[in-house]
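Reading the structure
One-letter residues, chain by chain:
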Amino acid sequence: MAFGDTGGSVTELIITCRTPSAGGVAIAKGDAVKLSGAYVVTNATDAEDGVFGEALAAATENDVAIPVKVRGISIFTYTGTAPTVDGEQGVVTSATDGSVKAPASGNGRGINVKVDATASLVHVLL
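Each chain has its residues counted from 1, running along the sequence as written. Only residues with pLDDT of 70 or above have their local features reported here, since the model is predicted, and side-chain atom pairs are shown and tallied only from 80 upward, although totals for entire chains, interfaces and linings are computed over all residues. With hydrogens and water stripped out, all remaining heavy atoms of the structure feed into the side-chain values.

**Section: the pattern of salt bridges**
Whenever a carboxyl oxygen of Asp or Glu lies within 4 Å of a side-chain nitrogen of Lys or Arg, that contact is scored as a salt bridge. Taken as a whole and assessed by the stated rule, the structure comprises five salt bridges. Across the salt bridge formed by Glu-54 and Lys-69, the nearest N and O atoms sit 3.4 Å from each other. Residue Glu-54 is found in strand S4 (residues 53-55), and its partner Lys-69 is found in strand S5 (residues 65-71); the two are separated by 15 residues along the sequence. For each residue, the accessible area found with a 1.4 Å probe, counting protein chains only, is set against the maximum for its type, and the residue is called buried under 20%, exposed over 50%, and partly exposed in between. For Lys-69, a relative accessible area of 6% puts it in the buried group. Helix and strand assignments come from DSSP, with helices taken as H or I runs of at least 4 residues and strands as E runs of at least 2, each series counted from the N terminus.

Written out as structure tokens, the structure is:
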């Protein structure tokens, strides 16, 4: 990487989780997910739930394996006011499944690195 370039080498931590064993599952690739049990993730979130990671594959069935990025830069769709990029703020889940938002209080999870307000995307270092 040349001096002055932004970004750089990408290091990620991806773990294998499972979808819930019962109920509806409609996880899209790139969705923000929360932990709902031991290595069980869902994108069915309430506003202000903690973001566990990013789904790296889609899933529509119960109790199937799904890769989840839990460390690295994730790009999420956000709802509401654009998240702040200040070296301290992160995100929490929104009431819209798979999306995030700026936290009502506290810093949320991760550190926001970039906001694309036109596309409603936030880049978060988890």
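Once the structure has been displayed, the description carries forward.
**Some remarks on the pairing of strand S2 (residues 32-37)**
By definition, two strands form a pair when at least two bridges between them are found by DSSP. Pairing of S2 with S4, which is carried by two bridges, proceeds in the antiparallel orientation. In the sheet register, Ala-32 faces S4, and the bridge partner there is Glu-54. In this structure, S2 lies alongside strand S3 (residues 40-42), joined through three bridges in antiparallel fashion. When the bridges of S3 are listed, Gly-37 appears paired with Val-40. Linking S2 to S3, which pair antiparallel, is a turn of two residues; within it Tyr-39 sits at a positive phi near 60°.

**Focus on the sheet that holds strand S6 (residues 73-77)**
Taken in spatial order, the three strands of this open sheet run S6-S10-S9, and their pairing is antiparallel. The open sheet terminates on both sides in strands that have one partner only, identified here as S6 and strand S9 (111-116). Taken pair by pair, the neighbouring strands of this sheet meet at an average axis angle of 25°, ignoring direction. Note: S9 against strand S10 (residues 121-125), five bridges, orientation antiparallel. When the sheet's bridge partners are listed, Ile-111 is paired in S10 with Leu-125. Interaxial angle, 0 to 180 degrees, is taken between N-to-C directions of lines fitted to C-alpha atoms, where a helix line uses only the stretch in contact.

**Structural notes on unusual backbone geometry**
Glycine aside, negative phi is the norm for most residues, and most peptide bonds take the trans geometry. The phi torsion at Glu-48 lies on the positive side, around 80°, for a residue other than glycine. Assignment of secondary structure puts Glu-48 in the loop between S3 and S4.

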